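Understanding the architecture of this molecule
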Amino acid sequence: MRLRDIIGELETLYHPKIAEDWDNVGLLVGDENRDINKMLFCLDLTEKAVDEAVEKGVDLIISHHPAIFSGMKRITTENLQGRKVLKLIENKIAVYSIHTNCDFAANGLNDFVFEKLELNGNVEIVNQYEFDEYNFRKNRIDRIRGGSVRIKTLDHEISLQVLVEKIKYHLGLDYVRFVGDKNRKIRRIGLVTGGGSSFMHDIKDRIDVFLTGDLRHHESLDALEEGGLLVDIGHYESEYLFADLMEREISRFFDGEMIKYFGEEVFQLG
């Protein structure tokens, strides 16, 4: 399948215009006119992920976190970023990154995580927007829909402890961090994957508990003193399902080989 046709499908699902302004999404390395037979999905484009792609003969890497984020002044083997880009180019491997546009898109990563948690209830998209956008690769108008935060209202109340156990079970985690009384009853759950704490202040009066990753000490302490409830799933832990989401969605239009690369968690427990 031609890369430009794959990009056309991806932009229908996760249009770059719904990404945060500071983000760097889309095709970051590669030639749109190349044929793609094998893909690799990863959270981070680490050197090990690149080596895996080279070893497996991958044509396209789709990463969640942008492979190139800040400005690069030189591309040489003297630094990590340069080595990775050179290796990609030398092996004719394209890279396409889908970050906050994947988080915010309707049926994107936030929705996928809620789906995995198997909680009965209705999901609301906060700050929802819809617009029509011309997809020149597919020569048609796409209806784009998304929003920053998800709020799920459960059919029945559960305790924070029950929610924590469900998160651990369904996401395959050994532990999560939480703030507040584990016996408190909850029904309205806010969620932003990754480091989403900046969104919780706008919706704190509309939810009972907020789920995200990378919670900092002082913001968590403030929430505790104000009687709030927080669950820190972890940054990696809240986003590693990106590869599963990509496999499910891309298999609808791509019949080549797909490889999921999960890599290693950054932090170890001592």
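**A look at helix H8 (residues 217–225)**
Listing the buried residues of H8 in full gives Glu219, Ser220 and Ala223. Each buried residue of H8 sits inside an arc of 100° when the element is viewed along its axis, so together they form one side. Facing away from the buried surface of H8 by more than 90 degrees, the exposed residues are His217, His218 and Glu225. At its buried positions, H8 is contacted by strand E9 (177–179), helix H7 (200–203) and strand E12 (230–232). Positioned one or two residues after H8, Gly227 has a phi angle of 85°, which is positive.

**Digging into the layout of surface pockets**
Remark: the empty space left among the atoms is shown by a probe the size of a water molecule rolled over them. Its volume calculated, the largest pocket comes out at about 890 Å³. Among the elements that line the lining of the largest pocket, the one with the most residues is helix H9 (residues 235–239), at 3 residues. Class assignment for the residues of the lining of the largest pocket results in 11 nonpolar, 7 polar and 9 charged. As for the second largest pocket, its lining consists of 17 residues, and the residues nearest its centre are Lys204, Ala223, Glu226, Gly228 and Leu229. For the lining of the second largest pocket, the elements supplying multiple residues, two or more each, are H7, strand E11 (209–212) and H8. In terms of residues, the lining of the second largest pocket owes the most to one element, H8, which gives 3 residues.

**Considerations on the pairing of strand E8 (residues 149–159)**
Both strand E5 (residues 121–126) and E8 contribute to a ladder of 6 bridges, which runs antiparallel. When the bridges of E8 are listed, Val123 appears paired with Lys152. Two elements, E8 and strand E10 (residues 185–191), share 6 bridges in a ladder whose sense is antiparallel. When the sheet's bridge partners are listed, Ile151 is paired in E10 with Gly190.

**So, the side chain of Ser148**
Position of Ser148 among the secondary structure elements: in the loop between strand E7 (140–146) and E8. A distance of 3.1 Å separates a polar atom in the side chain of Ser148 from a polar atom in the side chain of Asn127. If we skip the residues at most four places from it in the chain, Ser148 touches Phe104, Asn110, Val126, Asn127, Val192 and Phe199.

What counts as what
- Within any chain, residue numbers begin from 1 and follow the written order of that chain's sequence.
- The predicted nature of this model means local features are confined to residues of pLDDT at least 70 and side-chain atom pairs, given and counted, to a pLDDT of 80 or more, with totals for whole chains, interfaces and linings taken over all residues.
- No hydrogens and no water enter the side-chain calculation; it runs on all heavy atoms of the structure.
- Under the scheme applied here, a residue whose accessible area is under 20% of the maximum for its type counts as buried, over 50% as exposed, and between as partly exposed, the area being computed with a 1.4 Å probe on protein chains only.
- Only DSSP runs of H or I reaching four residues or more are called helices, and only runs of E reaching two or more are called strands; each is numbered from the N terminus.
- Throughout, the arc means the angular range of directions from the helix axis out to the C-beta atoms.
- In what follows, residue pairs with any heavy atoms lying within 4.5 Å of each other are defined as contacts.
- Lining residues are those with an atom within 4 Å of a point, where the points come from a 1 Å grid over the protein atoms alone and group into cavities, where a 1.4 Å probe fits but cannot get out, or pockets, open sets with protein on both sides within 12 Å along at least five of seven lines.
- Grid points are joined across faces, edges and corners, and a volume is the space filled by probe spheres set on the points.
- The nonpolar class holds Ala, Val, Leu, Ile, Met, Phe, Trp, Tyr, Cys and Pro. Asp, Glu, Lys and Arg form the charged class, and all remaining residues, Gly among them, are polar.
- A pair of strands counts as paired when DSSP detects no fewer than two bridges linking them.
- Between N or O atoms, a polar contact is any pair within 3.5 Å; within protein, one atom must be a potential hydrogen donor and the other a potential acceptor, and residues adjacent in sequence are included only when both atoms are from side chains.

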